[in-house]
Amino acid sequence: MTLAPERPVAERPQGGRLVDQFEFGLDAPICLTWELTYACNLACLHCLSSSGRRDPDELSTEECKALIDEFERMQIFYVNIGGGEPTVRPDFWELLDYAVDHHVGVKFSTNGFRINEERAAKLAATDYVDVQISLDGATAEVNDAVRGAGTYDAAMRAMANMRAAGMKDFKISVVCTRHNIPQLDEFKAIADTYGAQLRLTRLRPSGRGADVWDDLHPLPEQQRELYDWLIANGDDVLTGDSFFHLSAYGEALPGLNLCGAGRVVCLVDPVGDVYACPFAIHDRFKAGNVRGEGGFDGVWTTSELFLDLRNPQTGGACTKCSAFDSCRGGCMAAKFFTGLPLDGPDPECVKGNAEFLERGEAPGSSQDHSHTGTVRNAPVPLALGPTRTSRPASACDESPLVTGRPWESDRDTV
Ligand code: SF4
Ligand code: SF4
């Protein structure tokens, strides 16, 4: 995909397929992720936003409320709140109540450490709120190797509290890696045990994910295993449309099969910067800031970047591929952060057209946007067996095709 300069703004077609209309963008995002803070009590190896430290310039409580007012005016029916760990913001619960009172549903991601019995009861009693507990291994060994010591137990405790409080269909959010793909059935069993829904998302080489990409991203044969499992488990498992590159294997997976960046998807970060996608936190994809004169609405409707992304994109060599209609060349962010051209194939192209990456023949991104003070691209301890003893990590999460109620939508990013 190439962003063409100075092209006229294309007209959105009236009627026809939903995906064709979405390609030209909408008046408001369907999937808005809001990273409330980069502060986190953990330090997951693959955190997409490199979270850890609070940014001293993060939006104040009043600025957050003004932004929620704007979401209400724009009829944004729900937001995905993440971080960092959003619950470490002292005003998190106040902001959650404020959003719900102003007709903006909230789905928030958490590592579960702070979801005690009292909080679980409050969440179960509040309409228009959904919760995603992050879990990256169906066993403590696999989970804690990535998320930190004690994080599996914390997630399980949070789930037990939610079940006891009567919270139904909360989400268990799993970032798929080569270590947990063999555990897909076990994840499903855990979700069924707690009355939760399983949500699988793709690991992207964004944030600290870039540092561990080579060690964690699924092996080619596991991509096929994951695809077959998703086909077999169908609508029971949510994916946020994040595996559409796997549709190139044959039958399309449920979803839009579209990169929604800047069209139906965007991210607001803790200091109010607006990016095209939660996995594209980089100046290249920054559209503006909500503190500017036009606010969020102004950025969404007039930023040059977003207007350009809503123009038809060129697919480069991928347009010759028989799977292009469903795969569309894959994920823009995954390409960018592995040093690939945006109009080239996805780094996990199932047709093998990016295998040169595995041979180390393409440059990775070296952009440092870590919020922990660590140096990107430095060696990262990664092992199954003894778990990390450092500070345990982040709710690293990120749908317009939804299940009935908009705040339960599963398009967190694609
Ligand atoms: S995650 Fe990738 S495919 Fe999805 S919106 Fe972002 S850039 Fe596009
Ligand atoms: S060549 Fe491009 S369109 Fe075809 S499967 Fe690979 S990434 Fe997808």
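Details of the structure are given in the entry above.
A brief structural summary. (Residues numbered from 1 in each chain as written. Chains lettered and ligands numbered in written order. Predicted model: local features only at pLDDT ≥ 70, side-chain atom pairs only at ≥ 80, totals over all residues. Heavy atoms only, no water.)

1. Side note on the site of ligand 2
- Close contacts around ligand 2 come from Ala 248, Cys 318, Cys 321, Phe 324, Cys 327, Gly 329, Pro 345, Asp 346, Cys 349, Lys 351 and Asn 353, and that covers them all.
- For the shell around ligand 2, the residue count by class is 7 nonpolar, 2 polar and 2 charged. (Near = heavy atom within 4 Å. Nonpolar A, V, L, I, M, F, W, Y, C, P; charged D, E, K, R; others polar.)

2. A short note on unusual backbone geometry
- In the segment running from Gly 83 into Gly 84, the intervening peptide bond is cis, with an omega of 15°.
- Considering the arrangement of structural elements, one finds Gly 84 in the loop between β2 (78–82) and α3 (92–101). (Helix = DSSP H or I, 4+ residues; strand = E, 2+ residues; numbered from the N terminus.)

3. Describing the environment of Asn 143
- Following the sequence through the fold, Asn 143 ends up in helix α5 (residues 140–147).
- Of the residues examined, Asn 143 reaches a relative accessible area of 1% and is grouped as buried.
- Taking the C-alpha atoms as reference, Asn 143 lies 9.0 Å from His 179; in sequence the two are 36 residues apart.
- Contact partners of Asn 143, with chain neighbours within four places excluded, come to Leu 135, Asp 136, Gly 137, Gly 148, Thr 151 and Tyr 152. (Buried < 20%, exposed > 50% of the residue type's maximum accessible area, 1.4 Å probe, protein only. Contact = heavy atoms within 4.5 Å.)

4. Re the side chain of Arg 208
- You can see Arg 208 is positioned in the loop between β6 (197–202) and α8 (209–216).
- With no salt bridge to any partner, buried Arg 208 finds its closest opposite charge in Asp 211, at an N-O distance of 6.1 Å.
- One polar contact links the side chain of Arg 208 to the main-chain carbonyl oxygen of Ser 51, over a distance of 2.9 Å. (Lys, Arg positive; Asp, Glu negative; His and termini not counted. Salt bridge = Lys/Arg side-chain N within 4 Å of Asp/Glu carboxyl O. Polar contact = N/O pair within 3.5 Å; in protein donor to acceptor, adjacent residues only side chain to side chain.)

5. Quick look at the nonpolar core
- Trp 34, Phe 108, Leu 200 and Phe 296 are the most contacted members of the largest nonpolar core, which totals 94 residues.
- For this core, the element with the highest residue contribution is α3, accounting for 7 residues.
- Not counting chain neighbours up to four residues away, the residues in contact with Phe 108 comprise Ile 81, Pro 86, Thr 87, Phe 92, Trp 93, Leu 96, Ile 115, Leu 123, Val 129, Asp 130, Val 131 and Gln 132.
- By size, the runner-up hydrophobic cluster in this structure holds 7 residues, among which are Leu 45, Val 175, Val 212 and Trp 213. (Core = buried A, V, L, I, M, F, W, Y, C linked by side-chain atoms within 4.5 Å.)

6. So, the pairing of β6
- Across the 6 residues that make up β6, a large majority, 6, are buried.
- Here β6 shows a buried face lined by Gln 197, Arg 199 and Thr 201 and a second buried face lined by Leu 198, Leu 200 and Arg 202.
- In terms of strand pairing, strand β5 (residues 171–176) meets β6 through 6 bridges, oriented parallel. Bridged to Val 174 within β6 is Leu 200.
- For the crossover that starts at β5, traverses helix α7 (residues 184–194) and ends in the parallel β6, the hand is right-handed.
- Sheet analysis places β6 next to strand β7 (residues 237–238), joined by 2 bridges and oriented parallel. Bridge pairing in β7 links Arg 199 to Leu 238. (Pairing = 2+ DSSP bridges. Right-handed = clockwise from strand over helix to strand, strands pointing away.)

Remember, this is a structural readout, not a statement about activity or role.
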